[in-house]
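# A structural walkthrough
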There are 4 protein chains.
Amino acid sequence: MSHNSYGHLFRVTTWGESHGPALGCVVDGMPPGIPVTEDEIQVWLDRRKPGQSRFTTQRREPDQVRILSGVFEGVTTGTPVSLMIENTDQRSKDYGEIKDRYRPGHADYVYDVKYGLRDYRGGGRSSARETAARVAAGALARKVLGDGIVIRGALVQVGPHAIDRSRFDWTECARNPFWCPDAETAKLWEDYLDSVRKDGDSVGAVIEVVASGVPAGWGAPIYGKLDADLAAAMMSINAVKAVEIGEGFAAAALRGSENADEMRMGADGRPQFLSNHAGGILGGISTGQDIVLRFAVKPTSSILQPKRSIDRHGQEVEVVTRGRHDPCVGIRAVPVGEAMMAAVLADHFLRHRAQTGRR
Amino acid sequence: MSHNSYGHLFRVTTWGESHGPALGCVVDGMPPGIPVTEDEIQVWLDRRKPGQSRFTTQRREPDQVRILSGVFEGVTTGTPVSLMIENTDQRSKDYGEIKDRYRPGHADYVYDVKYGLRDYRGGGRSSARETAARVAAGALARKVLGDGIVIRGALVQVGPHAIDRSRFDWTECARNPFWCPDAETAKLWEDYLDSVRKDGDSVGAVIEVVASGVPAGWGAPIYGKLDADLAAAMMSINAVKAVEIGEGFAAAALRGSENADEMRMGADGRPQFLSNHAGGILGGISTGQDIVLRFAVKPTSSILQPKRSIDRHGQEVEVVTRGRHDPCVGIRAVPVGEAMMAAVLADHFLRHRAQTGRR
Amino acid sequence: MSHNSYGHLFRVTTWGESHGPALGCVVDGMPPGIPVTEDEIQVWLDRRKPGQSRFTTQRREPDQVRILSGVFEGVTTGTPVSLMIENTDQRSKDYGEIKDRYRPGHADYVYDVKYGLRDYRGGGRSSARETAARVAAGALARKVLGDGIVIRGALVQVGPHAIDRSRFDWTECARNPFWCPDAETAKLWEDYLDSVRKDGDSVGAVIEVVASGVPAGWGAPIYGKLDADLAAAMMSINAVKAVEIGEGFAAAALRGSENADEMRMGADGRPQFLSNHAGGILGGISTGQDIVLRFAVKPTSSILQPKRSIDRHGQEVEVVTRGRHDPCVGIRAVPVGEAMMAAVLADHFLRHRAQTGRR
Amino acid sequence: MSHNSYGHLFRVTTWGESHGPALGCVVDGMPPGIPVTEDEIQVWLDRRKPGQSRFTTQRREPDQVRILSGVFEGVTTGTPVSLMIENTDQRSKDYGEIKDRYRPGHADYVYDVKYGLRDYRGGGRSSARETAARVAAGALARKVLGDGIVIRGALVQVGPHAIDRSRFDWTECARNPFWCPDAETAKLWEDYLDSVRKDGDSVGAVIEVVASGVPAGWGAPIYGKLDADLAAAMMSINAVKAVEIGEGFAAAALRGSENADEMRMGADGRPQFLSNHAGGILGGISTGQDIVLRFAVKPTSSILQPKRSIDRHGQEVEVVTRGRHDPCVGIRAVPVGEAMMAAVLADHFLRHRAQTGRR
């Protein structure tokens, strides 16, 4: 058991606080013989890196990753891969003001109740900086999965504004600062988020992550369900409040006759589904179709508008959270969601191989 | 690691198939000295039991639980509690017809791909009968939590018909066959489900589970988040496709200024939240408010309407699923959701006590 | 985490007390498609069964195993295999006398301190009857390993009397009631144990377990070492106080030049070791040679000679343990040690396959 | 599951190779509010540090530990503590010669078979340098246990030369380079080891570790046995081939009447054992007496005497292991054994507290 580990056979343990000297992760269970370089991991970290547009926090972190173990002469050795990212742009003095105050929507109060103390600098362990370690681990997970499995994420809703699905185009995601697959909606969000930011406010979002190329048969019934692990993985990301697979909540309103994914033999002589209401998972096991999930991120809790709260001493106070925050933390959650999908799939690939001897 | 266990310190391992001789669970980690009888567990099983109204499967199972170990002279000994429920009303011959056919929406196809074979009788391990073991374990979890923590579930949506929240009344739940907290909507569902049933069809649902009396401080940051474990727990229930905590998906559309749960000192001199958008969990840790979650159940996949599929030999077929099925499996998911909430909380209670020495 | 589970991918959870209605285990992680019958498991249970000679307890238990799940049409389905053995010959009244007394050498006192209560009937959970579940699980583990791996155990020392290694013959083990590989020593033990029994006393023993046919490469460095898991497995058996691999304690007295297992290419063109001081494991990983371990079992604590102790109320008492006990519990530990070896190897086979994709 | 983690609630994950840039560990589950400094950890690392006498390797490593997370303002926060030690004195070129050769007694061959490759520099992950991370983690474990529990180790046998138990004096351990509790034997070892070293040879050893002050009640029956976890912990240390608790192997030769630890009420009105054959553990649970274990370390495999072996290409070769090696690796195993004892006890303290709410 561990409060800070994820996965069983592809096992990630993360450590580090927002304003400590560094953060990182240890990835245990890596198959041997996989080529991997720091640059290949860096590619994914750069996507999550703060300060890349005016819509994310202006904290300047290079997020440069170092491989400290587990890779020898350019390939994994089968021993634990330790990855470290140094923190360079901590301005801890920003936090003196809220040292004793509980910021609404943050974990400040519950930390104090649970542990009797807290690292108040930037949320300490609860900071979204921890997700850098997830993205680094996710880069290794992609290596384990191989090129045949493609994992992509997109922002599909910001505040009340959802994309138009008829314009969904993965290639658009790299062309705007939101990972938005719909060019027109991206423009709308730009104006909308500017107004939110001017209000000293923030807003929530919905992220969609899709994995293509996953073979049928990964996952397990009951408590080893692929979707249960995905739900936990996504819900473990900061600020996430909801997860759904395939039709998700909409499935409640469907009839069985509508929701059934019928099957036929494909032109290639292989089984084929005629629809994907299931989101690629039935009974906890992958069907071979795209695995499709969405998760909702609540609005950033750090806002400039004053909110009522209390402090450690039971005094009633007003809290304004200055510092450098994301007006929509959902944007940077896209690469994090992808990384978690990759980690869960890598784990289930190895679990499936263990039990059945097959990929 | 285990595909069939749940929890860490309150650890539940379930076993059994729909049409095997019995099913059950082993609950490891029970604190010693807790009074428990078979009757106390039976109370909860009776709530989940099939055949209690025309809206659930007509399979007749007494679901009589036996305690095989871990309880001596009426109290737990701290050793594993083994619970067994015998299957008595298996009509396996009902399933001969679908032996080689993949029922759409079921796990038949993926089982065959994963394992190379499957127990086709009633879905085998994937049958919702497995949830009887969950409910039995949940009864023990409630014992661990004590009377101060109350866990209640309700059906809040059937097909497109949601309850009217202004009429929400927990006491109504026991007065209709749906666990519906809104008497008027319950009547509407009765007619609606009759029509669904007559169509040989089925429909999805949304369940809400609320835990009151949970102290602040349970859970942990990062991968030991209370909400992540709850999400996995609910998603591991048969047919569940979505989970949300507090505002859930609605949080995406909120502004930070709306979503913040402000705090003040209560009349009792203790910290008080002025709202509960968070659903009782911040940063993965309980706030002391009600823990509120909802999950969506897809429509029962076993329907009388013919659907296109294939069989094990690659032949295209039409599948009609006879047998005795729930037109809305969401109804019986209510006590299951409660049980899973109880199991997760019992586990986190013990985890919190381990690390901090406090309740 | 679990106090009552063993292994990771071949995961065994046992339950049950000496005088409860039944005991059993759940084996999770079984690969699918393996033929297995109750009779095949029974073979191994019969070897451990009490009452087969005057040198083991006279309790009469048929130890009849039932498969309750996980096997369909004669083969494993990949879902958990639940095995149950009913207790039939409990004479709980034998234990009324020691209900409040702490038997020296038993866990009575520590149970009471730990849990605040104990099931005093036959040692409750601490009874050696629990090992029946291990043997049943071991039978499944052998199935996972296949016929190429042969696991054999022998009793090599009883009290001060060790076998003569020059007479070691595996086929002798089945010809005497001790699993003794040396016919002459077996005769000596017969007289010796008769005298021990007449004294109302008991005696310890050393068991050797050897696994042949294990390929090189199973196990892992550091905390996943094959020998570490074997050590834990053997030490978890009732009354075991010591474990050693290969040269074991004797290695302390050797020089590096003596202890090195040199290598040459064999006549078959494959690497060959010229000796096996290592006992088949280097750096936690199997070498392909025989895996050889020994463990020591202390003398049965239940003896007819009176011993000083105290009771629950702090009164000083004398304890004589009547009941039906093994004068040398080490005898019946032989099949248990074999079973634990099989379970550990099955687990490491699957772990190795998970990480490397190879057997 | 993890190949590189140890413990459940006090959970240690180590990483790093002998000749990588650094090594370290992540300790998860630390209770909050415990004061800890780098200096307090360094004390223990300095005891294990190489190069402190002519009887250990001459590699010069300061083994300076850094705390990277989990400690804020001098106390633990309850989040993972990441500890890192940089490698500074790697002379990797020493290893070019054995790059393709399998050193007898080392894990070289099995690594290659298992992983298809290996980090040949200094044994890579299998190097005893990994034990620095164990010692660092052990320092934190001692902090969790508090001052009431004292853990001490001693070297009690080197080659064939055991100490004289009548001269056992813990205070002597700090006065010689061997942690020898018997001053006269220490002198003998000095000469003996000089001669071993001159022969270009090495020798094995036996270490004893004792924990005083452990309350009765820690541990659990069956697979959570304190002694099983201790056995695994010690066996996981490099070169360890045997572990015993209390009488250990000697218990095999004892009669039940001799081995029983009788009880009486002590002068302080508390239960008292009259002997400690059990080594402080009965039925897997601590008795309140000293926990006493011994483990055997094989002779260092790296020796200057030439040994027959093969290389990766199947060529027969002679191997001489130059480099800087410990003539008796058992010496430095003393602080490592202590650290592992501390880690196991810290874990079981938390496990006990979780289940029972008491220390």
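Computed from a predicted model, the values in this text were never measured in an experiment.

## A short note on helix H1 (residues 38-48) of chain C
Residues and elements named next belong to chain C. Within the span of H1, buried status applies to Ile-41, Gln-42, Leu-45 and Arg-48. Burial along H1 is one-sided: seen end-on, the buried residues are contained in an arc of 105°. Each element contacted by the buried residues of H1 is listed here: strand E4 (65-67), strand E7 (81-86), helix H3 (130-145) and helix H7 (330-356).

## Some details on the relation of the copies chain C and chain A
Between the two copies, chain C and chain A, the superposition gives an RMSD of 0.0 Å; the rotation angle is 180° and the shift along the axis is 0.0 Å. Interpreted geometrically, this transformation is the action of a two-fold axis. Residue C:Ala354 of chain C places its C-alpha closer to the rotation axis than any other residue of that unit, at 2.0 Å. Counting the interface residues of chain C, we find that 100% of their copies in chain A are interface residues as well, pointing to one common contact surface.

## Remarks on the packing of H3(C) against H7(C)
Residues and elements named next belong to chain C. At their nearest, the axes of H3 and H7 sit 7 Å apart, and the two run at 45° to each other. Considering their axes alone, H3 and H7 lie oblique with respect to each other. The two elements H3 and H7 cross, and the hand of that crossing is left-handed. The segment H3 lies against H7, with Thr-131, Arg-134, Val-135, Gly-138, Ala-141, Arg-142, Val-144 and Leu-145 engaging Pro-335, Val-336, Glu-338, Ala-339, Met-340, Ala-342, Ala-343, Leu-345, Ala-346 and Phe-349.

## Focus on the relation of the copies chain C and chain D
If you rotate chain C by 180° and push it 0.0 Å along the axis, it lands on chain D with an RMSD of 0.0 Å. Same-surface contact between copies: 100% of interface residues of chain C are shared with the interface of chain D.

## Here we look at the state of the cysteines
Under the defined criterion, the tally for this structure stands at zero disulfides over all chains. Among the cysteines around A:Cys25, which has no disulfide bond, D:Cys25 carries the closest sulfur, lying 15 Å off. Given the relative accessible area of 0%, A:Cys25 is considered buried. Of the cysteine sulfurs around B:Cys180, a residue in no disulfide, the closest is that of B:Cys173, at 7.1 Å.

## Points about the sheet that holds strand E7 (residues 81-86) of chain D
All names here are of chain D. The strand order across the open sheet formed by five strands is E1-E2-E3-E7-E4, and the pairing between neighbours is antiparallel. Unpaired on one side and paired on the other, strand E1 (5-6) and strand E4 (65-67) mark the two borders of the sheet. Bridging between strand E3 (residues 22-28) and E7 involves six bridges; their strand directions are antiparallel. Paired with Leu-23 across the two strands is Ile-85, which belongs to E7. Relative to E4, helix H1 (residues 38-48) is tilted by about 150°, and along the sheet it contacts E4 and E7. Together, strand E2 (11-16), E3 and E7 form the strand contacts of helix H3 (residues 130-145), whose direction differs from that of E3 by roughly 35°.

## Structural notes on the pairing of strand E8 (residues 150-158) of chain B
All names here are of chain B. Within E8, seven of the nine residues are buried, which leaves it mostly tucked inside the rest of the structure. In this structure, E8 lies alongside strand E10 (residues 205-212), joined through eight bridges in antiparallel fashion. Considered in E10, the bridge of Val-158 is made with Ala-205. Note: E8 against strand E9 (residues 161-162), two bridges, orientation antiparallel. Bridge pairing in E9 places Val-158 opposite His-161. Hairpin connection of E8 to E9: two residues between the antiparallel strands, including Gly-159 at a positive phi of 55°.

## Section: the sheet that holds strand E8 (residues 150-158) of chain C
Two pairing modes exist for strands in a sheet, parallel and antiparallel, and in both the strands are linked by backbone hydrogen bonds. Taking strand neighbours across the sheet as the criterion, the 10 strands line up as E9(C)-E8(C)-E10(C)-E16(C)-E11(C)-E11(D)-E16(D)-E10(D)-E8(D)-E9(D) in an open arrangement whose pairing is antiparallel. The two strands at the open ends of the sheet, each matched to only one other strand, are strand E9 (161-162) of chain C together with strand E9 (161-162) of chain D. Against the sheet, helix H7 (residues 330-356) of chain D touches strand E8 (150-158), strand E10 (205-212) and strand E16 (291-297) of chain D, its axis set at about 145° to E8(D).

## Concerning the interface of chain C and chain A
Of the residues lining the interface, 13 residues belong to chain C; the matching set on chain A comes to 13 residues. Together chain C and chain A conceal approximately 990 Å² of surface at their shared face, both sides included; 56% is due to carbon and sulfur atoms. Considering only the surface of chain C that becomes buried against chain A, C:Arg353, C:Ala354 and C:Gln355 emerge as the three largest contributors, covering 52% of it. At the boundary of chain C with chain A, the tally comes to nine residue pairs in polar contact (both at pLDDT 80 or more). Looking at the side of chain C that touches chain A, its residues break down into seven nonpolar, five polar and one charged.

## Here we look at the packing of aromatic side chains
Geometry of an aromatic ring pair is reported as the spacing of the ring centres plus the angle between the planes. Evaluated as defined, the whole model comprises 38 aromatic pairs over all chains. Both rings, one in A:Phe249 and one in B:Phe249, keep their centres 5.9 Å apart while their planes meet at 85°; by these two values the pair is edge-to-face. Note that A:Phe249 is positioned in the loop between strand E11 (240-245) and helix H6 (256-259) and B:Phe249 in the loop between strand E11 (240-245) and helix H6 (256-259), a pairing that runs across two chains. Per residue, the accessibility class of A:Phe249 equals that of B:Phe249, and both read buried. Summarising the aromatic geometry, the rings of C:Phe168 and C:Trp170 are spaced 5.0 Å apart at their centres and angled 75° between planes, so their arrangement reads as edge-to-face. Site record: aromatic cluster; members linked through ring pairs are A:Phe55, A:Phe178 and A:Trp189. Taking the ring centre of B:Trp44 as reference, the NZ or CZ of B:Arg142 above it sits at 3.6 Å.

## Focus on unusual backbone geometry
All names here are of chain A. One non-glycine residue, Ala-239, lies in the positive phi region at around 75°. Tracing the backbone through its elements, the reader meets Ala-239 in the loop between helix H5 (226-235) and E11. When its relative accessible area of 23% is taken as the criterion, Ala-239 is described as partly exposed.

## Topic: the confidence of the model for chain A
Predicted coordinates in regions of low pLDDT should not be interpreted in detail. For chain A, per-residue confidence averages 94 on the pLDDT scale, and 98% of positions sit at 70 or higher. Both scores are available for the predicted complex, with the pTM at 0.97 and the ipTM at 0.97.

## Things to note about the interface of chain C and chain D
Chain C puts 109 residues into the contact, and the matching count from chain D is 109 residues. Buried area between chain C and chain D, both sides added, is near 8,900 Å², and the carbon and sulfur share of it is 60%. For the interface between chain C and chain D, the tally reads seven salt bridges. With a closest N to O distance of 3.9 Å, C:Asp201 and D:Arg255 form a salt bridge. When strand E11 (residues 240-245) of chain C meets strand E11 (residues 240-245) of chain D, the two strands line up antiparallel, connected through three bridges. Opposite C:Val243, over in E11(D), you have D:Val243 as the bridge partner.

## So, the environment of C:Val329
All names here are of chain C. Structurally, Val-329 can be placed in the loop between strand E18 (316-319) and H7. C-alpha separation for the pair Val-329 and Arg-60, spaced 269 residues apart in sequence, amounts to 16 Å. Setting aside chain neighbours within four positions, we find Val-329 in contact with Ala-239, Val-297, Lys-298 and Thr-300.

How each quantity is defined
- Residue positions are counted from 1 within each chain, in the order its sequence is given.
- For naming, the first written chain is A and the first written ligand is 1, with later ones following in the order written.
- For this predicted model, a pLDDT threshold of at least 70 governs which residues receive local features, and a threshold of 80 or more governs which side-chain atom pairs are given and counted, while totals over whole chains, interfaces and linings are taken from all residues.
- Side-chain measures were taken over the full set of non-hydrogen atoms in the model, leaving aside hydrogen atoms and water.
- Exposure categories follow from relative accessible area, calculated using a 1.4 Å probe and restricted to protein chains: below 20% of the type maximum is buried, above 50% is exposed, and the middle band is partly exposed.
- Working definition: helices are DSSP H or I runs of at least four residues, strands are E runs of at least two. Numbering for both runs from the N terminus.
- In this description, one arc is meant: the one made by directions from the helix axis to the C-beta atoms.
- In what follows, a contact means two residues having at least one pair of non-hydrogen atoms within 4.5 Å.
- Only residues with pLDDT of at least 70 in both copies count here: their C-alpha atoms drive the least-squares fit that superposes the copies.
- Only C-alpha atoms enter the line fits that serve as axes; for helices the fit covers just the stretch in contact. Angles between N-to-C directions range over 0 to 180 degrees.
- An angle below 35 degrees is read as roughly parallel, one above 145 as roughly antiparallel, one from 65 to 115 as roughly perpendicular, and any other as oblique.
- Should the near helix be turned anticlockwise from the far one by less than a right angle, the crossing is left-handed, and should it be turned clockwise, the crossing is right-handed.
- Count a disulfide wherever a pair of cysteine sulfur atoms falls within 2.5 Å.
- Criterion used throughout: strands pair if DSSP finds at least two bridges between them.
- A simple way to read buried area is as the amount of 1.4 Å-probe accessible surface that goes missing from two parts once joined, with both sides added.
- Pairing of N or O atoms within 3.5 Å defines a polar contact, subject to two protein rules: one partner must be a possible hydrogen donor and the other a possible acceptor, and residues neighboring in sequence count only if both atoms are side-chain atoms.
- Here the nonpolar group is Ala, Val, Leu, Ile, Met, Phe, Trp, Tyr, Cys and Pro; Asp, Glu, Lys and Arg are the charged ones; every other residue, Gly included, is treated as polar.
- Only the six-membered ring of Trp is used, alongside the rings of Phe and Tyr, when aromatic pairs are assigned; centres must lie within 6.5 Å, and planes under 30 degrees apart are stacked while those over 60 apart are edge-to-face, with the rest tilted.
- A ring is scored as having a charge over it whenever the NZ atom of a lysine or the CZ atom of an arginine sits within 6 Å of its centre and within 35 degrees of its normal.
- In predicted models, pLDDT denotes the confidence assigned by the predictor to each residue on a 0 to 100 scale.
- Any Lys or Arg side-chain nitrogen found within 4 Å of a carboxyl oxygen on Asp or Glu counts as a salt bridge.

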